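Each chain, letter by letter, is given below.
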Amino acid sequence: MNQRTTLTHLDWLEAEAIHIMREVAGQCSNPVLLFSGGKDSLCLLRLAEKAFRPGKFPFPLMHIDTGHNYIEVVNFRDQRAAELGERLIVRSVEDSMKRGTVVLKHEGESRNKHQSVTLLEAIEEFGFDACIGGARRDEEKARAKERIFSFRDEFGQWDPKNQRPELWSLYNARSHKGENIRAFPISNWTEMDVWQYIEREGLELPSIYFAHTRPIVMRQGAIVPVNVPLVSGEVANPSRPGEEIIDLQVRFRTVGDISCTAPVESDADNVSKIVLETATTTITERGATRLDDQTSDASMEQRKKEGYF
Amino acid sequence: MTTPQIEDHGLLRFLTCGSVDDGKSTLIGRLLFDTKTILADTLSAITRTSEKRGMGAVDLSLLTDGLQAEREQGITIDVAYRYFSTGTRKYIIADAPGHEQYTRNMVTAASTANLAIILIDARKGVLTQTRRHSKLAALVGIPHLIVAINKMDLADYSQETYERIKGEYLEFAAKVGIEDVRFIPLSALNGDMIVDRGDNLNWYEGPTLLEMLEVAPAAHTEHTEKFRFPVQYVCRPQDSANPDLHDYRGFMGRIEAGTIKVGDAVTVLPNGLTSTVKAIQIGGVDIPEAITEQSITILLADEIDTSRGDMIVKSSEVPAAVKQIEATVCWMAEAPMDRNRTYLIRHTTRDSKAKLAAIDHRLDVNTLEKVPAEKLAMNDIAQVTFKLAQPLFADPYLENRGTGAFIIIDESSNNTVGAGMIL
Ligand SMILES: Nc1nc2c(ncn2[C@@H]2O[C@H](COP(=O)(O)OP(=O)(O)OP(=O)(O)O)[C@@H](O)[C@H]2O)c(=O)[nH]1
Ligand SMILES: [Mg+2]
């Protein structure tokens, strides 16, 4: 035989992810794909195309919007869903705040962790039995421990010490009413794999992933974007009196809630430059960019136990 | 598919296993550290944690022991997956727990691995858990074993100790029929013979651990296999406005074994109807042929009623339908297996109700003897016979992991309670 008998690593990862998505579609009666407009979930959409085209996706897309997302990302999210002709559901943390189910400790508190509440409310509203998400095991040490099909109880809780055994590629997505499965097709991908896949597939991304100039201040050694315009017309992260505002060339490695995602200094203005930068970086994706994971050694595990994605 | 700029040796999945505290997590930490996979902030985080716990040096096992409970106790409870890449190959590592109580998590880690590194503490030699994990690795069909004799720094880097343990292991391996095994002396703590050779083991002339990994075959099997394609999902766009899609019926799945090309004669099971492959697609785009582990869509020349749980095979290689299976089972639930209950067996994309017909014997993993058994408790390994409500299209596990493996589900709790390998 002169043909290739093994797949390249990207082809293998792609095939695994497609298989996982099809298992969700085959086993669950009412799944949803969580789509934020970020790079990982954009990979999920491409994988869903590869898994289900020429058919429609057997699930809608859903975004839990904190109201503190970059306009570029929100617009891109809507544009991409429209291009694909797939249904996009948006549920917002601000609505949960109005209902009184989310109560912020103070005005400026990050809404990121409160997404869990809104997500659980949406799961109940639509009766979703599975959520497909773009989390990766290389992002964080608690995630490194999580199954690809991760069971959540009625309260959305993850029990890390009592996970379902997961063998071969025989996934168990069974759940009782009210319980929920979180499925992570790109569990085995690293940040580098994601960028290589984006490059290979020629995927488009929100502009803030590429080097651009924006006003920032330095707070405790972190780059904090300030005076960020929101879809609502308001401004997020107002600068504080006395702070020195600098125009810095930056890009984002992740695009979560504005209050807790920081950019990195960079002049990488296209995907191949980003691949190169990723190969030589000295700081992890979350370490560089998440202001919320550093509070304690176990903050992600804690949040996941409470229902976080 | 794009052609990779650098030579791409694909992806290798391996696990580390062995007895408690023989240094599995530390070894992985070392591999990640020495291949420069650990980035500065992670390193400073584990340095801080190590200092907080009053340890002199950085404890590299903290890199994989990510759960609070694990860090508190300094042990591994569940599998952690870590990744690194050498530029030519990507690695997925599963760090398995050594404690007997978490044997099922070791089996979980082993089920997807192509290579196992079995660690032995040079001071302790071959232990019960070493034998148990070796036996399990062999049962799960991991084709390549590396026995790493670790903590050589605590054994004066003695060649004699290394040779003695190697001899001990080979004697055991011969008894249980483990063939492909290689040996290496290491110090995970100091990094000797992992990525760099170090200065302490000059008598050892073989390759470093990383060199062994770089050349280990990545293919999930090295022998040719019969084509097996369990149908996961059927695509019927039913778009009457679009003549191309009006009659489109795509059978979606992942090739568990073998290869397929357009024009091949195939049989659909269980109905046994035959047809030929009209097209193979990924995401609606035609490709001429496909190989094992690819996720594809198959279109047939004839209209055949097919749904999830069916299997497409080549007409020349049809597997037998079985309603009774003999298998090696690892029981994974706290509650023992109940002879009177019906369980659900999931094999490929097919489910069947199953009843235990007999426990042929249990494997005493300490003595490796077959002993009679009345029940199966957590972590037990046994040979059993199941009676099935639905026929399965199975191959012996040793011929094909994908179509020889199944899981056992408790329908009342929905939990996965066991794993099986068909004999
Ligand atoms: N001196 C020496 N100590 C080592 C070496 N490798 C590991 N250790 C130490 O042995 C202890 C146990 O190491 P771990 O890596 O946690 O062991 P493990 O095999 O992962 O343990 P479990 O996962 O709980 O079974 C730690 O204190 C390590 O620092 C080595 O090569 N030399
Ligand atoms: Mg360990």
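Please read these numbers as outputs of a predicted model, since none were measured by experiment.

## Re the pairing of strand β9 (residues 250-254) of chain B
Every other side chain in a regular strand lies on the same face of the sheet, so the side chains alternate between the two faces. All names here are of chain B. Summarising burial for β9: five of the five residues are buried, a large majority. Burial along β9 is two-sided: the residues G250, M252 and R254 and F251 and G253 are all buried. Across three bridges, strand β8 (residues 233-235) lies against β9 in antiparallel orientation. Residue V234 lies in a different strand from β9, and its bridge partner there is F251.

## Observations regarding the pairing of strand β3 (residues 90-95) of chain B
Residues and elements named next belong to chain B. Within β3, six of the six residues are buried, which leaves it mostly tucked inside the rest of the structure. Here β3 shows two buried faces, one formed by K90, I92 and A94 and the other by Y91, I93 and D95. Where strand β1 (residues 11-18) lies against β3, six bridges are found, and the strand directions are parallel. Bridging across to β3, F14 finds its partner in I93.

## So, the interface of chain A and chain B
Between chain A and chain B, the contact holds 69 residues from the first and 82 residues from the second. Buried surface at the junction of chain A and chain B, both sides included, amounts to about 6,200 Å², of which 56% is carbon and sulfur. Across the pair E411 of chain B and R174 of chain A runs a salt bridge, and its minimum N-O distance is 3.9 Å. Counting across the interface, chain A meets chain B through 28 residue pairs in polar contact (both at pLDDT 80 or more). Residue assignment for the side of chain A that touches chain B shows that the elements contributing at least two residues are α1 (9-27), α2 (39-52), α6 (191-201), α8 (285-289) and α9 (299-305) of chain A. Per-element tally for the side of chain A that touches chain B: the top contributor is α1 of chain A, with 13 residues. Classifying every residue of the side of chain A that touches chain B gives 24 nonpolar, 23 polar and 22 charged.

## A closer look at the site of ligand 1
All names here are of chain B. Taken together, 20 residues are adjacent to ligand 1, and K24, S25, T26, T76 and D153 come closest. In the environment of ligand 1, an oxygen atom lies 3.1 Å from a nitrogen or oxygen atom belonging to the side chain of D22. Protein contact buries 86% of the 660 Å² of open area that ligand 1 shows by itself. Classifying every residue of the shell around ligand 1 gives five nonpolar, 10 polar and five charged.

## Considerations on the packing of aromatic side chains
Between two aromatic rings, the relevant description is the distance of the centres plus the angle of the planes. Enumeration over the complete set of coordinates arrives at 18 aromatic pairs over all chains. Here F57 of chain A and F59 of chain A contribute two aromatic rings whose centre-to-centre distance is 5.9 Å and whose plane-to-plane angle is 50°, an arrangement assigned as tilted. Assessed through its relative accessible area of 3%, F59 of chain A is described here as buried. Plain terms: the ring middles of W331 of chain B and Y343 of chain B are 5.6 Å apart, the flat faces sit at 75° to each other, and that makes the pair edge-to-face. Taken together, the residues W331 of chain B in strand β17 (residues 321-331) and Y343 of chain B in strand β18 (residues 342-347) connect sequence positions 12 residues apart. On the basis of relative accessibility, which here comes to 1%, the residue W331 of chain B falls in the buried class. Members of the aromatic cluster, joined through ring pairs, are F52, F57 and F59 of chain A together with Y233 of chain B. The ring centre of Y81 of chain B lies 3.9 Å from the NZ or CZ of R137 of chain A, which sits over that ring. Seen from the ring of W12 of chain A, R254 of chain B lies directly overhead, with NZ or CZ sitting 5.7 Å from the centre.

Reading the values: rules and limits
- Residues numbered from 1 in each chain as written.
- Chains lettered and ligands numbered in written order.
- Predicted model: local features only at pLDDT ≥ 70, side-chain atom pairs only at ≥ 80, totals over all residues.
- Heavy atoms only, no water.
- Buried < 20%, exposed > 50% of the residue type's maximum accessible area, 1.4 Å probe, protein only.
- Helix = DSSP H or I, 4+ residues; strand = E, 2+ residues; numbered from the N terminus.
- Pairing = 2+ DSSP bridges.
- Contact = heavy atoms within 4.5 Å.
- Buried area = accessible area lost by both parts, 1.4 Å probe.
- Salt bridge = Lys/Arg side-chain N within 4 Å of Asp/Glu carboxyl O.
- Polar contact = N/O pair within 3.5 Å; in protein donor to acceptor, adjacent residues only side chain to side chain.
- Nonpolar A, V, L, I, M, F, W, Y, C, P; charged D, E, K, R; others polar.
- Near = heavy atom within 4 Å.
- Areas by Shrake-Rupley, 256 points an atom, 1.4 Å probe, with all protein chains shown as cover.
- Phe/Tyr/Trp six-rings, centres within 6.5 Å; stacked < 30°, edge-to-face > 60°.
- Lys NZ or Arg CZ within 6 Å of the ring centre and 35° of its normal.

In short, shape yes, function no, at least from these values alone.
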